[in-house]
Amino acid sequence: MNINTGMKMFLREEVTTDNAAKTLGSGSLMVYGTPAMLLLVEKTAVALLEGKLDEGMTTVGTRLDMEHLSASPVGCEICCEVELTAIDRRKLTFAVKVMDPAGLIGKGIHERFIVDSAKFQEKANHKFD
C-alpha cells in the first residue's frame, strides 16, 4: 500500500442538464444537484487511491458528511478536492472541498474502508442466503 496523509486529488466536471437538481430529482431548479456533488466526491477519492492499494484490495464508501453551500448554474465548472487526512488501519478519512469559479460551494468529510475485493463481493452476493 502506497498511501500517506496529505495526498490530494482534484477532479473537475461541468454543470449540465444531466447533473442538475431538476433532472436528478433532488430539487426543482436547473443548478448543480447535491447527488452529483456527492458522486464527484466519491469519484475523486477513488481516483486518489487508484493504483496505490495492495493487489486485490479496493475501498468502499462508508460516510459522506457534506454541506452544499451555494448553487452553481448550468455551464459552470465544478472542481472537487479531496485530501487524505487520516489513516486508521483500514479506515481512510478525507477532507473535501468543492468549488466553482465564484468560490466554495461544498465542504465536508468522506470516509472509505479498505476491503478485500473478492471477500467483500462474495459476502454481498450471499447477503440474503
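Throughout what follows, the structure given in this document is the object of discussion. Bear in mind that the values here come from a model prediction, so they are computed numbers and not experimental data.

### Some words on the nonpolar core
Turning to step 1, where the next piece is worked out: Membership of the largest hydrophobic core comes to 24 residues, with the highest contact counts inside it found for Tyr32, Phe94 and Val98.
Turning to step 2, where the next piece is worked out: Those elements giving two or more residues to this core turn out to be helix H2 (34–49), strand E3 (77–88), strand E4 (91–100) and strand E5 (103–116).
Turning to step 3, where the next piece is worked out: Top element by residues in this core is H2. It accounts for 7 residues.
Turning to step 4, where the next piece is worked out: In this structure tyrosine 32 touches Glu13, Val15, Asn19, Ala21, Met37, Leu40, His68, Ser72, Ile78 and Ile105, once residues within four positions along its chain are discounted.

### So, unusual backbone geometry
Turning to step 1, where the next piece is worked out: In this model, arginine 89 sits at a positive phi of 55°, which is unusual for a non-glycine residue.
Turning to step 2, where the next piece is worked out: Note that arginine 89 resides in the loop between E3 and E4.
Turning to step 3, where the next piece is worked out: With relative accessibility at 72%, the residue arginine 89 sits in the exposed group.

### Quick word on the pairing of E4
Turning to step 1, where the next piece is worked out: Across 9 bridges, the pairing between E3 and E4 is antiparallel. Across the sheet, the residue bridging to isoleucine 87 is leucine 92, located in E4.
Turning to step 2, where the next piece is worked out: What sits between the antiparallel neighbours E3 and E4 is a turn of 2 residues, in which arginine 89 has the positive phi angle 55°.
Turning to step 3, where the next piece is worked out: Two strands pair when backbone bridges link them, and E4 and E5 are joined in this way by 10 bridges, in the antiparallel orientation. For leucine 92, the partnering residue across the bridge sits in E5 and is arginine 112.
Turning to step 4, where the next piece is worked out: Here E4 hands over to E5 after 2 residues, the two strands then running antiparallel side by side.

### Comments concerning the pattern of salt bridges
Turning to step 1, where the next piece is worked out: Overall, the coordinates contain 6 salt bridges when judged by the stated rule.
Turning to step 2, where the next piece is worked out: Of the charged contacts, one joins arginine 63 and aspartate 65 as a salt bridge, the two residues approaching to 3.3 Å between their closest N and O atoms.
Turning to step 3, where the next piece is worked out: Given the relative accessible area of 38%, arginine 63 is considered partly exposed.
Turning to step 4, where the next piece is worked out: Here the salt bridges share partners, and the residues they tie into one network are Arg63, Asp65, Lys91 and Glu111.

### Regarding the pairing of E5
Turning to step 1, where the next piece is worked out: Taken together, the 11 bridges between strand E2 (residues 57–68) and E5 define a ladder with antiparallel strand orientation. The residue bridging glycine 61 from the neighbouring strand is arginine 112, located in E5.

### Here's the deal with the environment of threonine 62
Turning to step 1, where the next piece is worked out: Inspection of the secondary structure puts threonine 62 in strand E2.
Turning to step 2, where the next piece is worked out: Given a relative accessible area of 44%, threonine 62 falls into the partly exposed group.
Turning to step 3, where the next piece is worked out: Separated by 15 residues in the primary sequence, threonine 62 and alanine 47 have C-alpha atoms spaced 16 Å apart.

Reading the values: the criteria
Residues numbered from 1 in each chain as written. Predicted model: local features only at pLDDT ≥ 70, side-chain atom pairs only at ≥ 80, totals over all residues. Heavy atoms only, no water. Core = buried A, V, L, I, M, F, W, Y, C linked by side-chain atoms within 4.5 Å. Buried < 20%, exposed > 50% of the residue type's maximum accessible area, 1.4 Å probe, protein only. Helix = DSSP H or I, 4+ residues; strand = E, 2+ residues; numbered from the N terminus. Contact = heavy atoms within 4.5 Å. Pairing = 2+ DSSP bridges. Salt bridge = Lys/Arg side-chain N within 4 Å of Asp/Glu carboxyl O.

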